[in-house]
Amino acid sequence: MSTTKVKRRVGKYELGRTIGEGTFAKVKFARDTETGDPVAIKILDKEKVLKHKMVEQVTVKHQLTTKF
Ligand SMILES: Nc1ncnc2c1ncn2[C@@H]1O[C@H](COP(=O)(O)OP(=O)(O)OP(=O)(O)O)[C@@H](O)[C@H]1O
């Protein structure tokens, strides 16, 4: 039996432990596998976001934080 731990990846980010939880999301520690930089990744609970009609708010927040 293998004991190798498979780390979950999202694109170039390798996910680590959960560092926080909010009403609509979980925030996980992650590492940029290209630069080694530590980052925080927010994983939204799609059902909760849709249920509370927060799509517009999430879209605006995303636009404000996305680098062009
Ligand atoms: N960039 C970050 N770096 C480190 N920890 C973070 C970061 N962003 C969020 N967290 C942690 O994750 C938790 C949840 O964050 P999130 O933004 O989802 O919810 P919140 O705004 O704190 O609460 P709510 O959504 O319920 O109003 C935070 O309380 C904080 O502990």
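Conventions we followed
Residues numbered from 1 in each chain as written. Predicted model: local features only at pLDDT ≥ 70, side-chain atom pairs only at ≥ 80, totals over all residues. Heavy atoms only, no water. Pairing = 2+ DSSP bridges. Helix = DSSP H or I, 4+ residues; strand = E, 2+ residues; numbered from the N terminus.

In the nomenclature of an unreviewed UniProt entry, the protein is known as Os12g0132200 protein of Oryza sativa subsp. japonica.

J.: Any chance you could explain the sheet that holds strand E1 (residues 9–10) here in plain terms?
T.: As a general point, the strands of a sheet are linked pairwise by backbone hydrogen bonds and lie either parallel or antiparallel. Across the sheet, four strands lie side by side as E1-E2-E3-E4; this open sheet has antiparallel pairing. A strand with exactly one partner marks an edge of an open sheet, and here the two such strands are E1 and strand E4 (38–44). As judged from the two bridges shared by E1 and strand E2 (residues 13–21), these two strands associate in the antiparallel manner. Opposite Val-10, over in E2, you have Tyr-13 as the bridge partner.

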